[in-house]
Amino acid sequence: ITSGGISPVILASAPEGGVYLVGWATRTNTHNDILIQRYDSTGTMLWERYHRGISGRFEDYPTDAVSDNAGNLYVAGTVVNNSTDWDAAILKYSPDGSLLWYDHYDYPQATPTLETPNHIRVTARQEVIVAGAVVLGASASGGHWMLRKYSEEGVLLWSLITPATGSAITLSKGFEIDRDGNSY
């Protein structure tokens, strides 16, 4: 559904029967920003936030979102850092809409690149695991598989970037976390 320049993409559960809607919205000069809205169980919007990438312009899109048991929302997306390079963005919002932390990842060894965090999950220990791809150059025909783990406070615990055969984007179609925090 697209309405008035807003395109919802992802739903995540919020506390007390509410829901988070994450998408993108056209706001300035036809550029898109990541949009986060929280609704209560009656459908009343409680708050709305926008996230614009570090360049402050161009196209920024969410790719996945998940909430934890405390109602915090984690959003993964891509943001443009200049006219040719898309970076991975990871954001954590509190239930009241405060941005708790933000991290962005730019693969340092090639330009242009597309770092896309396709999936985000939260472990029972509140650690955040992100899986995605790093596409090298102007085509999506090759690149790397990306896996990153963050603490509850947003500190990067480790990062794995490994060469992929074929298209890196098709390699990261999903993953799960077991009760011990292992990712598959």
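Draft legend 1. Highlighting the overall build of the protein. A count of helical and extended segments in the protein gives 1 helix and 12 strands. Start at the N end of the protein and walk to the C end: the helices and strands fall as β-β-β-β-β-β-β-β-β-β-β-β-α. Of all 184 residues assigned to the protein, the portion counted as buried reaches 47%. The contacts in the protein between residues at least 6 apart in sequence include a share of 43% that link residues at least 24 apart.

Draft legend 2. Inspection of the packing of aromatic side chains at higher detail. Summed over the entire model, instances satisfying the criterion amount to 5 aromatic pairs. Through successive ring pairs, a cluster of aromatic residues spans Tyr20, Trp47 and Tyr93.

Draft legend 3. Spotlight on unusual backbone geometry. Unusually for a residue other than glycine, Gln126 sits at a positive phi of about 70°. Looking at where Gln126 falls in the secondary structure, it is placed in the loop between β9 (113–122) and β10 (128–136).

Draft legend 4. Structural view of the pairing of strand β4 (residues 45–51). Taken together, the 6 bridges between strand β3 (residues 31–39) and β4 define a ladder with antiparallel strand orientation. What sits directly across from Tyr39, in β4, is Met45. Counted along the chain from β3 to the antiparallel partner β4, the turn is 5 residues long, and its residue Gly43 has a positive phi close to 90°.

Draft legend 5. Region of interest: the pattern of salt bridges. A complete count under the given rule lists 4 salt bridges for this structure. Note that Arg121 and Asp64 form a salt bridge whose closest N and O atoms lie 3.1 Å from each other. Highlighted residues: Arg121 in strand β9 and Asp64 in strand β5 (residues 61–67), separated in sequence by 57 residues. Assessed through its relative accessible area of 21%, Arg121 is described here as partly exposed. For Asp64, a relative accessible area of 13% translates into the label buried. A salt bridge links Arg125 to Glu127; the shortest N-O distance between them is 3.6 Å. Connected through shared salt-bridge partners, Arg125, Glu127 and Lys149 make up one network.

What counts, and at which threshold
- Residues numbered from 1 in each chain as written.
- Predicted model: local features only at pLDDT ≥ 70, side-chain atom pairs only at ≥ 80, totals over all residues.
- Heavy atoms only, no water.
- Helix = DSSP H or I, 4+ residues; strand = E, 2+ residues; numbered from the N terminus.
- Buried < 20%, exposed > 50% of the residue type's maximum accessible area, 1.4 Å probe, protein only.
- Contact = heavy atoms within 4.5 Å.
- Phe/Tyr/Trp six-rings, centres within 6.5 Å; stacked < 30°, edge-to-face > 60°.
- Pairing = 2+ DSSP bridges.
- Salt bridge = Lys/Arg side-chain N within 4 Å of Asp/Glu carboxyl O.

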